[in-house]
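Examining the three-dimensional arrangement
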Amino acid sequence: MDHIQLKQGRVLRLNLPYHLSITCTYLNSQLPGIPDPLAFYQDYLLLVSWRRQLMAGLANERGDYAGKITWFVVMSCMMAAVGGILFGYDIGISGGVSSMESFLKKFFPSVYTKMENDTKISNYCKFDSQLLTVFTSSLYAAGIVASFFASSITRSYGRKPTILAGGISFLVGSAIGGAALDVYMLIIARLLLGIGVGFANQSIPLYLSEMAPMNYRGAFNTGYQVTLDLGILFAGLVNYGSQKIKSGWGWRLSLALAAAPAFVLTLGALFLPDTPNSLIQRTNDQEKAKVMLQKIRGTMDVQEELDDIIEASRASTVTENSFKEIPKRKYRPQLAMAIALPFFQQLTGINVIGFYAPILFRTLGFAESASLLSTVLSGVVGTASTVIAMLVVDKFGRRALFMFGGIQMLVSHLIIGIILALHLKDHGDLEKGYAYFVLVLVYIFAAGFGLSWGPLGWLVPSEIFQMEIRSAGMSIFVAVSFFFTFAVAQTFLAMLCSFKSGIFFFFGAWVALMTAFVYWLLPETGNIPIEKMDQIWKDHWFWSKFVVD
């Protein structure tokens, strides 16, 4: 069906591309002038109802596999997602300790002197130190390199060994960080943590997407972002408590406690089952993969899903080097998303909040303890919104959450920028009323990110790659993510000093651009089998030009 008769007496020709949003062209108009608003609304409801029926039929056409959520797959995915706690903890802990006076005195005395004694320096420039930003951003530089090594291990040996290697690297890095005697030991610790993050982020989203049932893949994979937010929240709580240790060694506790989730991930990785997709790809042991698939789906009727995995694996066997394969024209949409999605995710401005929230709140005039507590509350908001996204992402789809969260973040950026431009000058604190209003807007921004680019920025890339380019695609995604995270982390304090309140307009412009990108160029990936995802590009108004059968 490519047309539908509406109540107004008009015939609509429907253009239903990739994402099944409704774009319409009026044909054979019998009613001149502007349509009656009530009739137009009735037409809209009719179209929405028809779209729901079409999506249900499309899901059945593309394969609705048998199976259910089992405790086996839930426990396996929960164990793998502990890597998200580690990543979130490392994001949150660095910004917290960077605002602790005892930490600054020991490792960054020039920053401490500017903060306490220099009355002439601008509010926006007190924390501008390249060495301080190297401490934060070195983790991501190491992650860039590690993600490419992780790709080879994931493809050749499976997802499980890659997760295990990440856990071990986390353990060693947290031990060195807690025992650091100088800034060089701190940076070595961050580099080791970056290797762990690179390995974990390359393998865990893939693991979750391959283990999860098709209709719940969004919820399972979004769970990774939930654990990441929990890690940020945990880091905030630890920083808030350790800052109160009067002898000044609280920062050591903050850095060393990363060992706790690292130990859980390392131990748990030893017992993780491998995914059926990985078993077929590496060993072609169809019987073993079938037994594993039956176990994780809770049913004996898995032949249809197994056949799709086998077919995808056969297509991937002709590819000797997935990094040479992915630049080909037929994979242009996936390569574009592997670069664009992490690029945009880092330019939402969220890592400014994650890395430097305590510093940002101190810039606004909050005391040390209050700034850390405000960061904790930001973590609570982010975690709660991500849980909501996990519950609704498979019902409403990825695109709807991207759009809603994007608009929410854009409005927050613009209002914060206006308030700071008008009321926070180079010297003196922001008035208390405005400071608390900005704090609320930061929480609204964090909620928007938690509903959209936070979880979906990891979910969508883990869904869209065919098996033959999957490990390379995820490695490119992780490397681009780390590169721009590194760039933002390394330049933010200098940009804050130069742009001042304009920094929020800068990120707001990027949020507007990425929201338009999603609207026009990102297909809906929900409720589609992962091994049949190539169809969305063939149905897309733009990407179909590149994809050929």
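Residues numbered from 1 in each chain as written. Predicted model: local features only at pLDDT ≥ 70, side-chain atom pairs only at ≥ 80, totals over all residues. Heavy atoms only, no water.

Observations regarding the environment of Arg 332
- For Arg 332, the location among the structural elements is in helix 16 (residues 332–346).
- Spatially, the C-alpha atoms of Arg 332 and Phe 546 are 6.6 Å apart, while their sequence positions differ by 214 residues.
- Those residues in contact with Arg 332 that lie beyond four places of it in its chain are Pro 327, Trp 543 and Phe 546. (Helix = DSSP H or I, 4+ residues; strand = E, 2+ residues; numbered from the N terminus. Contact = heavy atoms within 4.5 Å.)

Digging into the side chain of His 413
- With respect to the secondary-structure elements, His 413 resides in helix 19 (residues 398–423).
- Residue His 413 is classed as buried on the basis of its relative accessible area, which comes to 4%.
- Leaving out residues up to four positions away in the same chain, His 413 has contacts with Thr 348, Gly 349, Phe 445, Phe 504, Phe 507, Gly 508 and Val 511. (Buried < 20%, exposed > 50% of the residue type's maximum accessible area, 1.4 Å probe, protein only.)

Considering empty space enclosed by the protein
- This structure, assessed with the given rule, holds three cavities of 30 Å³ or more.
- Of the volumes computed, that of the second largest cavity is approximately 130 Å³.
- Lining the second largest cavity are 17 residues, with Tyr 65, Ala 212, Arg 297, Glu 305 and Ile 530 positioned closest to its centre.
- Contributing elements (two or more residues each) for the lining of the second largest cavity: helix 8 (183–211), helix 12 (276–283), helix 13 (286–297) and helix 14 (303–317).
- If you tally residues by element for the lining of the second largest cavity, the top one is helix 14, at three residues. (1 Å grid on protein atoms, 1.4 Å probe; cavity = no way out; pocket = protein on both sides within 12 Å on 5 of 7 lines; lining within 4 Å. Points joined across faces, edges and corners; volume = space filled by probe spheres on them.)

Quick notes on the environment of Tyr 65
- Structurally, the position occupied by Tyr 65 is in the loop between helix 1 (37–62) and helix 2 (71–80).
- For Tyr 65, a relative accessible area of 15% corresponds to the buried category.
- Sequence separation between Tyr 65 and Glu 304 is 239 residues, and the spatial gap between their C-alpha atoms is 6.9 Å.
- Residues within four places of Tyr 65 in sequence aside, it is in contact with Glu 304, Glu 305, Asp 308, Pro 529 and Lys 532.

A short note on the packing of aromatic side chains
- The final tally for this structure, using the stated rule, is 29 aromatic pairs.
- Consider the rings of Phe 87 and Phe 482, whose centres lie 6.1 Å apart with planes at 85°: the pair is edge-to-face. Of this pair, Phe 87 sits in helix 3 (residues 82–98) while Phe 482 sits in helix 22 (residues 470–499); the two residues are 395 residues apart in sequence, bridging distant segments of the chain.
- The buried category is assigned to Phe 87, whose relative accessible area is 7%.
- Measuring from centroid to centroid gives 4.9 Å for Tyr 519 and Trp 520, while their planes differ by 90°, and the two rings are edge-to-face.
- The class for Tyr 519 is partly exposed, based on a relative accessible area of 35%.
- Among the aromatic side chains, those forming a connected cluster through ring pairs are Phe 343, Phe 344, Phe 402, Trp 453, Phe 483, Phe 484, Trp 510 and Phe 517.
- The ring of Phe 107 has Lys 106 lying over it, and the distance from NZ or CZ to the ring centre is 5.6 Å.
- Here the guanidinium or amino end of Arg 190 rests over the ring plane of Phe 135, the centre of that ring lying 5.3 Å away. (Phe/Tyr/Trp six-rings, centres within 6.5 Å; stacked < 30°, edge-to-face > 60°. Lys NZ or Arg CZ within 6 Å of the ring centre and 35° of its normal.)

Notes on the packing of helix 3 against helix 6 (residues 130–157)
- Running from N to C, helix 3 and helix 6 point in directions that differ by 175°, and their axes come no closer than 10 Å. Classified by the interaxial angle, the pair formed by helix 3 and helix 6 is roughly antiparallel. Here Phe 87, Asp 90, Ile 91, Ser 94, Val 97 and Ser 98 of helix 3 come into contact with helix 6, specifically with Leu 132, Phe 135, Thr 136, Leu 139 and Tyr 140. (Axes fitted to C-alpha atoms, helices over the stretch in contact; angles between N-to-C directions. Parallel < 35°, antiparallel > 145°, perpendicular 65-115°, else oblique.)

Topic: helix 13
- A rise of 1.5 Å per residue sets the reference length of helix 13, with its 12 residues, at 16 Å; its end C-alpha atoms lie 16 Å apart and thus fit the reference within 8%.
- Considered for burial, the residues of helix 13 that qualify are Ala 289, Met 292, Leu 293, Gln 294, Ile 296 and Arg 297.
- Gly 298 sits one or two positions beyond helix 13 and adopts a positive phi of about 70°. (Expected span 1.5 Å × (residues − 1).)

Side note on the pattern of salt bridges
- Tallying each qualifying case throughout the model produces 10 salt bridges.
- Glu 210 is the partner of Arg 159 in a salt bridge, and the nearest nitrogen-oxygen pair spans 2.7 Å. One end of the pair, Arg 159, is in helix 7 (residues 159–178); the other, Glu 210, is in helix 8, with 51 residues separating them in the sequence. You'll find Arg 159 and Glu 210 in the same group, each marked buried. (Salt bridge = Lys/Arg side-chain N within 4 Å of Asp/Glu carboxyl O.)

Considerations on helix 21 (residues 453–464)
- The end-to-end C-alpha separation of helix 21 is 16 Å, in line with the 16 Å expected for 12 residues at 1.5 Å each.
- The buried fraction of helix 21 amounts to 12 of the 12 residues, a majority that puts the element mostly inside the structure.
- Looking at helix 21, one finds that the buried residues are Trp 453, Gly 454, Pro 455, Leu 456, Gly 457, Trp 458, Leu 459, Val 460, Pro 461, Ser 462, Glu 463 and Ile 464.

A few points about the side chain of Ser 452
- Along the polypeptide, Ser 452 turns up in the loop between helix 20 (432–451) and helix 21.
- Residue Ser 452 is classed as buried on the basis of its relative accessible area of 0%.
- The contacts of Ser 452, once residues within four sequence positions are left out, are Leu 401, Phe 402, Gly 405, Gly 406, Met 409 and Gly 457.

Considerations on the nonpolar core
- Membership of the largest hydrophobic core comes to 127 residues, with the highest contact counts inside it found for Phe 87, Phe 103, Phe 108, Met 337 and Trp 453.
- Looking at which element gives the most residues to this core, the answer is helix 22, with 12 residues.
- Aside from chain neighbours lying at most four places away, what touches Met 337 is Pro 342, Ile 464, Phe 517, Leu 521, Leu 522, Trp 537 and Trp 543. (Core = buried A, V, L, I, M, F, W, Y, C linked by side-chain atoms within 4.5 Å.)

Topic: the packing of helix 7 against helix 11 (residues 259–269)
- Interhelical geometry of helix 7 versus helix 11 gives an angle of 155° and a closest axis separation of 8 Å. By the angle class used here, helix 7 and helix 11 are roughly antiparallel. In the crossing of helix 7 with helix 11, the sense of the turn from one axis to the other is left-handed. The residues of helix 11 that touch helix 7, namely those facing Lys 160, Ile 163, Leu 164, Gly 167, Ile 168, Phe 170, Leu 171 and Ser 174, are Ala 259, Ala 262, Phe 263, Leu 265, Thr 266 and Ala 269.
- Here the residues of the contact of helix 7 with helix 11 sort into 10 nonpolar, three polar and one charged. (Left-handed = near helix turned anticlockwise from the far one by under 90°. Nonpolar A, V, L, I, M, F, W, Y, C, P; charged D, E, K, R; others polar.)

Re unusual backbone geometry
- Positioned with a positive phi, Asn 284 is a non-glycine residue whose angle comes to about 55°.
- By secondary structure assignment, the location of Asn 284 is in the loop between helix 12 and helix 13.
- Take Asn 284: its relative accessible area is 48%, and that puts it in the partly exposed class.
- Positive phi outside glycine occurs at Asn 527, with the angle close to 60°.
- By the element assignment, Asn 527 lies in the loop between helix 23 (502–521) and helix 24 (535–538).

Remarks on the confidence of the model for the chain
- For the chain, the mean per-residue pLDDT works out to 80, and 80% of the residues sit at or above 70.
- The low-confidence segment residues 1–35, where pLDDT is below 50, has 90 contacts with residues more than four positions distant or belonging to other chains. (pLDDT = per-residue confidence, 0-100.)

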